[in-house]
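Coordinates in review
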Amino acid sequence: MTVACVSRKTKPGAKRKLILDQFAPYRIVALGHAISGWLARAYRDENITIPEWRVLAVIGEAERVAARDVVKRTPMDKMTVSRAVASLEQKGFVNRAPDAADRRVSMLSLSGEGRKVFDRVAALALEYEDDLLSILEPEEAAAFRLALEKLEARASENEQ
C-alpha cells in the first residue's frame, strides 16, 4: 500500500511515497521499542514491569514526588501510574504519605529496598546508554541529544 505524504520540501501538490524504514517517526518508535525491550530484561531480574520502573525512576530522581507529577513526567496515563504505584507499594519498594501542606495529595518516596532496586537498575540503564552511544563521536552524541530535544519540543507543540 502506498501512502501519500506531503513534506514542506515537496512542491505543492507533489506526492512522495511513504517508505516505512525511512519514516522518522516509525524509526524512533522502533528504536525506543528495541531499547525498552533490552532494559525490560534488567527490570525483570528485579521483578518489576516497565511502568513500575518508570515510576521508580521518577521518584528516585526527585526523592519525594506527588503521584500526579509522575503522570506528568512519564508517557503513561493516570490509571497505569496508579496500578504501578499500588504494585510497588505492595512489593515494599515505595512509601506513600499525605503531603504536609495539602493532605489530599499523596507523596511518594522510595523505601530502603526500593532505593536498592532503583540503584541497581539505574546502573544497568546507564551502562546500556553508554554502550549504545559509544558508536557516536562526542560531537555526534551532542548533536543527537540536541535533535532529541528539538523533536520532543515539536511533538509537544503538536499535542496541544
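These remarks concern the structure in this document. (Residues numbered from 1 in each chain as written. Predicted model: local features only at pLDDT ≥ 70, side-chain atom pairs only at ≥ 80, totals over all residues. Heavy atoms only, no water.)

1. Digging into the sheet that holds strand β5 (residues 106-110)
This is how it is decided: When DSSP finds two or more bridges between two strands, those strands count as paired. Secondary structure elements follow DSSP: runs of H or I no shorter than four residues count as helices, runs of E no shorter than two count as strands, and numbering proceeds from the N terminus. The axes are straight lines fitted to the C-alpha atoms, using for helices just the contacting stretch, and the angles between their N-to-C directions are given from 0 to 180°.
Spatially, β3-β5-β4 is the arrangement adopted by the 3 strands of the open sheet, whose pairing is antiparallel. Sheet topology places β3 (64-66) and β4 (94-98) at the edges, where each strand pairs with a single neighbour. For this sheet, the mean inter-axis angle between neighbouring strands, taken without regard to orientation, is 30°.

2. A look at the environment of alanine 67
Of note, alanine 67 is situated in helix α3 (residues 67-73). A C-alpha to C-alpha distance of 6.3 Å links alanine 67 and methionine 107, two positions 40 residues apart in sequence.

3. Observations regarding the side chain of serine 111
Our working rule: Partly exposed describes any residue whose relative accessible area lies between the buried limit of under 20% and the exposed limit of over 50%, with all areas from a 1.4 Å probe on protein chains only and scaled to the type maximum. A contact between two residues is defined here by any heavy atoms of the two lying within 4.5 Å.
Relative to the helices and strands, serine 111 resides in the loop between β5 and α5 (112-133). Overall, serine 111 belongs to the buried group, its relative accessible area being 10%. Contact partners of serine 111, with chain neighbours within four places excluded, come to Gly92, Phe93, Val94 and Asn95.

4. A few points about the packing of aromatic side chains
Going by this rule: Only rings of Phe, Tyr and Trp enter the pairing, Trp through its six-membered ring, and a pair is recorded when the two centres are within 6.5 Å. The plane angle decides the type: under 30 degrees is stacked, over 60 is edge-to-face, the rest tilted.
Throughout the structure, instances matching the rule amount to 3 aromatic pairs. For the ring pair tryptophan 53 and phenylalanine 118, a centre distance of 5.7 Å and an interplane angle of 20° mean the geometry is stacked. Residue tryptophan 53 is located in helix α2 (residues 50-62), and its partner phenylalanine 118 is located in helix α5; the two are separated by 65 residues in the primary sequence. Residue phenylalanine 118 is classed as buried on the basis of its relative accessible area, which comes to 13%.

5. Quick look at the nonpolar core
Note the following rule: For this analysis, a nonpolar core means a set of buried residues of the types Ala, Val, Leu, Ile, Met, Phe, Trp, Tyr and Cys, connected via side-chain atoms within 4.5 Å.
Ranked by internal contacts, the top residues of the largest apolar core, which has 26 residues, are Ile48, Trp53, Val55, Leu56 and Val94. Elements represented by at least two residues in this core include exactly α1 (24-45), α2, α4 (78-90), β5 and α5. Per-element accounting of this core gives the leading share, 6 residues, to α5.

6. Thoughts on α4
In an α-helix, one full turn covers 3.6 residues, which means residues spaced three or four apart are oriented alike. Let me state the cut-off plainly: Here the expected length of a helix is defined as 1.5 Å per residue gap, with one fewer gap than residues. Polar contact is the term for a pair of N or O atoms within 3.5 Å; when the atoms are in protein, one must be able to donate a hydrogen and the other to accept it, and sequence-neighboring residues count only if both atoms are side-chain atoms.
The end-to-end C-alpha distance of α4, which contains 13 residues, comes to 18 Å, matching closely the 18 Å that a straight helix rising 1.5 Å per residue would cover. Where the residues of α4 are buried, they touch α2, α3, β4 and β5. The residue sitting at the N-terminus of α4 and contributing the capping side-chain oxygen is aspartate 77; that oxygen lies 3.0 Å from the backbone nitrogen of methionine 79. Looking one or two residues beyond α4, the residue adopting positive phi is glycine 92, at roughly 85°.

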